[in-house]
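Working through the structure, step by step
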Amino acid sequence: MLKKRVAVLVSGGGTNLQAILDAEKSGLIKSAKTVLVISNVADAYALKRAEKHGVKTAVVLKKECGGQGPFEAKIAKILEAENIDLIVLAGFMSILSESFTKRFEGKIINIHPSLIPSFCGKGFYGLRVHEAALNYGVKVTGATVHFVNEIPDGGEIIMQKAVDVLPGDTPETLQRRVMEQAEWLILPRAIEYICSGEYQKT
Ligand code: GRF
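Report on the accompanying structure. The structure presented is a predicted model; accordingly, all values stated were derived computationally and were not measured. (Residues numbered from 1 in each chain as written. Predicted model: local features only at pLDDT ≥ 70, side-chain atom pairs only at ≥ 80, totals over all residues. Heavy atoms only, no water.)

1. A few points about the overall build of the protein chain
Counted only if it meets this: Elements are defined by DSSP. Helices are runs of H or I of four residues or more, strands are runs of E of two residues or more, and each kind is numbered from the N terminus. Only C-alpha atoms enter the radius of gyration, while the globule expectation follows 2.2 Å times N to the 0.38, with N the number of residues. When a residue's accessible area, from a 1.4 Å probe over protein chains only, is under 20% of the maximum for its type it is buried; when over 50% it is exposed; and in between it is partly exposed.
The helix and strand tally for the protein chain stands at seven helices and seven strands. Ordering the α and β elements of the protein chain from the N terminus gives β-α-β-α-β-α-α-β-α-β-α-β-β-α. Computed over its C-alpha atoms, the radius of gyration of the protein chain comes to 16 Å, within 12% of the 17 Å expected for a compact globule of 202 residues. In terms of its C-alpha atoms, the protein chain occupies a principal-axis envelope of roughly 50 × 40 × 35 Å. Within the protein chain, the proportion of its 202 residues that are buried is 48%.

Structure, rendered in structure tokens:
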């Protein structure tokens, strides 16, 4: 079977991208191949990870494009030129507009570091998510892979995994545990789940 063509959109360290690339190498992901990594940050370490794996990269800076519209148009053009089947947001720190999410409806997924619908939506990104979980006092948190629509973190849930909050946790220790025990596992699994055709979006 022809492998689905995946693009990963990043802004930072790219540990989730690494988990995807490792899963492709190990055979956990059989039905897809990452063929493109797009970053909206010029020096994102994720770009180095992509290059190391021989994956094509592109940098698209909002400032250089002159606004959200042209920024998204440029990304869309690159994605369409590469015939991308699935767009994976993996630490991509820019909210995409409704016109973009509609253009690629059912083709964009995101990983969020909490159990949606807790600690999600506008303003909940990075360490803030874990700070909020600790402030609330939840004893279990986790990560969620979901489809992306016009509502931040509001699209259909594909996969979730719970992670214990431990006494003495800081936002940093919790963030690391959620990555190790949830994000890096469920994002590759969700990609295979979708690209194999086993998961059907409702
Ligand atoms: C992860 O916590 C992810 O859930 C969130 O941003 C972080 C990205 O980390 N959306 P990395 O760039 O994959 O290391």
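2. Focus on the pattern of salt bridges
To keep it simple, the criterion reads: Put simply, a salt bridge is a Lys or Arg side-chain nitrogen that is within 4 Å of an Asp or Glu carboxyl oxygen.
Across all of its chains, the model carries six salt bridges by this definition. One salt bridge in this structure joins Glu98 and Lys102, with 2.7 Å as the shortest N-O distance. Note that Glu98 and Lys102 are positioned in helix α5 (residues 98–103) at a spacing of four residues, about one turn of the helix. The salt bridge partner of Arg176 is Glu180, with a shortest N-O separation of 2.9 Å. Remark: Glu180 and Arg176 occur in helix α7 (residues 171–195); sequence separation between them is four residues, near one turn of the helix. The network of salt bridges with shared partners includes Arg5, Lys56 and Glu82.

3. Describing the sheet that holds strand β6 (residues 140–147)
Either a parallel or an antiparallel arrangement is found when strands of a sheet pair, and the pairing is made through backbone hydrogen bonds. Where we set the bar: One requirement defines pairing of two strands: DSSP has to find at least two bridges between them. What counts as an axis is a line fitted to C-alpha atoms, over the stretch in contact for a helix, and the angles between N-to-C directions run from 0 to 180 degrees.
Taken in spatial order, the seven strands line up as β3-β2-β1-β4-β5-β6-β7 in an open sheet, and their pairing is mixed. Here the strands that pair on one side only, and so sit at the sheet edges, are β3 (56–59) and β7 (157–164). Between one strand and the next, the sheet's axes are offset by a mean angle of 20°, whatever the strand orientation. Pairing of strand β5 (residues 108–112) with β6 involves four bridges; the strand directions are antiparallel.

4. Observations concerning helix α6 (residues 127–136)
Our working definition: Working note: the arc is built from the helix axis to C-beta atom directions. Any pair of residues with heavy atoms lying within 4.5 Å of one another is described as a contacting pair.
Looking only at α6, the buried set comprises Val129, His130, Ala132 and Ala133. Along α6, the residues classed as buried sweep out an arc of 155° about the axis, all on the same side. Those residues of α6 hidden inside the fold are in contact with β5 and α7. Downstream of α6 by one or two residues, Gly137 has phi in the positive range, about 90°.

5. Examining the environment of Ser118
Position of Ser118 among the secondary structure elements: in the loop between β5 and α6. Residues Ser118 and Leu187 lie 69 residues apart in sequence; the distance between their C-alpha atoms is 19 Å.

6. A few points about the site of the ligand
What counts here: What makes a residue near a molecule or strand is one non-hydrogen atom of that residue sitting within 4 Å of it. Contacts described as polar in this section are N or O atom pairs within 3.5 Å, which, within protein, must combine one atom able to donate a hydrogen with one able to accept it, while residues neighboring in sequence count only if both atoms come from side chains. Per-residue and other accessible areas were derived by the Shrake-Rupley procedure at a 1.4 Å probe size, with only the shown protein chains allowed to occlude residues. Following the grouping adopted for this structure description, the nonpolar residues are Ala, Val, Leu, Ile, Met, Phe, Trp, Tyr, Cys and Pro, the charged ones are Asp, Glu, Lys and Arg, and the polar ones are all others, Gly among them.
Taken together, Gly13, Gly14, Thr15, Asn16, Gly91, Ile111, Pro113, Met179 and Glu183 make up the full set of residues adjacent to the ligand. One of the backbone N or O atoms of Ile111 is found 3.3 Å from a nitrogen atom in the ligand. Protein burial of the ligand: of its 370 Å² of free accessible surface, 87% is covered by the chains. Mapped by element, the contributors of at least two residues to the shell around the ligand are α1 (15–26) and α7. Of the residues contributing to the shell around the ligand, the split by class is three nonpolar, five polar and one charged.

7. Some details on the side chain of Glu82
Mapped onto the elements of the fold, Glu82 is located in the loop between α4 (68–81) and β4 (86–89). What makes Glu82 buried here is its relative accessible area of 14%.

8. Some remarks on the pairing of strand β1 (residues 4–10)
Within a regular beta strand, the side chains point alternately toward one face of the sheet and then the other, so they alternate between its two faces. Applied cut-off: By the criterion used throughout, a crossover qualifies as right-handed when its path from the first strand across the helix to the second strand runs clockwise, the strands pointing away from the viewer.
Counting buried positions over the seven residues of β1 gives five, a clear majority of the element. In this sheet, strand β2 (residues 32–39) lies alongside β1 in parallel orientation, the contact comprising seven bridges. By the bridge assignment for β2, Val10 is matched with Ser39. Crossover connection from β1 via α1 to parallel β2: handedness right-handed.

9. Quick notes on the pairing of β3
Pairing between β2 and β3: four bridges, direction parallel. Opposite Val37, over in β3, you have Thr57 as the bridge partner. Traced from β2 through helix α2 (residues 45–52) to β3, the parallel crossover comes out right-handed.

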